[in-house]
Amino acid sequence: MTKVTAQMSVSLDGFYTGPRDPGHPNDVNGPEAPGFFRVTRWAVDAMAWRERQGIAGGEQSVDSEIVAETFAAAGAYVMGRRMFDAGEVPWGDEPPFRAPVFVVTHRPREVLERRGGTSFTFVTDGPERAVELAREAAGGKDVAVAGGGELLRQVLAAGLLDQIELHISPVLLGDGQRLFDSGLGLGADDGIELVPARVVDAPGVTHIRYTVGGRAKLVLDDRGASGDLVAPAGQ
């Protein structure tokens, strides 16, 4: 059965890159880059990631096994236009996806065919339509939301995500682009419940997979209190 999945590398305080510089987006010398490269170091060092990029070397480790598993599970991808714009040149003529990719964008463009089975289809009807097209193209495998963080939040807020895996690096960035923020559109008494499905503890990163349980109301109770909860005066 096709699942809609996502995975993201984050710092312990929840950032997936450093602060965004609107004047110089996707600049490897800008303020986003140090945080991004720090939280993704575990993947870049993995043999499976390097092989997929056509780069020699890397470590054969549990991290590499997780990278290989992630690539193998995906039958199609959904990504944001900003991620595509940053990756189009570095990915070259044979991008690492080897499957159809649906790019959510406001700027139409003809389908871009690449070697190795990757194609980029530009979807101007929103994330829901992109996910729908990816499901049709996935051949029974998973639809992977490749990023970035803004698109992942939109898919999660829309109730389209079935599973998310966080790769948590033991570093505090202090500032940057936070993965989970007010963009989820949650009220003061709302939450999106997650159920831990797998935890893999590696030397430089902890991989936690969650099943997304969906949006639910948060309810006050008196567990642990000596009596009934009493609202503060004036409320």
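Since the model is a prediction, treat every value here as computed from it, not as a measurement.

*Asks:* So what exactly am I meant to see when it comes to the overall build of the chain here?
*Replies:* On a plain count of helices and strands, the chain comes out with seven helices and 11 strands. What you see for the chain is a C-alpha radius of gyration of 19 Å, in line with the 18 Å of a compact globule of 235 residues. Taken along its principal axes, the extent of the C-alpha atoms in the chain is 65 × 40 × 40 Å. Considering the chain as a whole, with its 235 residues, one finds that 41% of them fall into the buried category.

*Asks:* I would appreciate a short explanation of the pairing of strand β10 (residues 190–202) in the present structure.
*Replies:* Consecutive side chains of a regular strand alternate in pointing toward one face of the sheet and then the other. Taken together, the 12 bridges between β10 and strand β11 (residues 205–217) define a ladder with antiparallel strand orientation. Opposite valine 195, over in β11, you have threonine 211 as the bridge partner. Between the end of β10 and the start of β11, which pair antiparallel, lie two residues.

*Asks:* What's the story with the packing of aromatic side chains in this structure? I'm lost.
*Replies:* Scanning the model with the defined rule gives seven aromatic pairs in all. Consider the rings of tryptophan 91 and phenylalanine 120, whose centres lie 6.0 Å apart with planes at 10°: the pair is stacked. One end of the pair, tryptophan 91, is in helix α5 (residues 81–91); the other, phenylalanine 120, is in strand β6 (residues 119–123), with 29 residues separating them in the sequence. The same class applies to tryptophan 91 as to phenylalanine 120, namely buried. Summarising the aromatic geometry, the rings of phenylalanine 97 and phenylalanine 120 are spaced 6.2 Å apart at their centres and angled 85° between planes, so their arrangement reads as edge-to-face. With phenylalanine 97 in the loop between α5 and β4 (100–104) and phenylalanine 120 in strand β6, this pair connects stretches of sequence that are 23 residues apart. For the residue pair phenylalanine 97 and phenylalanine 120, the accessibility class agrees, reading buried in each case. Members of the aromatic cluster, each reached through a chain of ring pairs, are Tyr77, Phe84, Trp91, Phe97, Phe120 and Phe122.

*Asks:* Help me out: how do you make sense of unusual backbone geometry in this one?
*Replies:* Note that the residue after glycine 147, namely glycine 148, is joined by a cis bond; omega there is 0°. Locating glycine 148 in the fold gives a position in the loop between β7 (142–147) and α7 (149–157). One non-glycine residue, arginine 98, adopts positive backbone phi at about 55°. Tracing the sequence through the fold places arginine 98 in the loop between α5 and β4.

*Asks:* Whenever I open this one, the environment of alanine 134 confuses me. Can you help?
*Replies:* Mapped onto the fold, alanine 134 is located in helix α6 (residues 127–137). With residues up to four places along the chain from it excluded, the contact list for alanine 134 reads Ala76, Tyr77, Val78, Phe102 and Val143.

What counts, and at which threshold
Residues numbered from 1 in each chain as written. Predicted model: local features only at pLDDT ≥ 70, side-chain atom pairs only at ≥ 80, totals over all residues. Heavy atoms only, no water. Helix = DSSP H or I, 4+ residues; strand = E, 2+ residues; numbered from the N terminus. Rg over C-alpha atoms; globule rule 2.2 N^0.38 Å. Buried < 20%, exposed > 50% of the residue type's maximum accessible area, 1.4 Å probe, protein only. Pairing = 2+ DSSP bridges. Phe/Tyr/Trp six-rings, centres within 6.5 Å; stacked < 30°, edge-to-face > 60°. Contact = heavy atoms within 4.5 Å.

Geometric descriptors of this kind do not, in isolation, establish any biological role.
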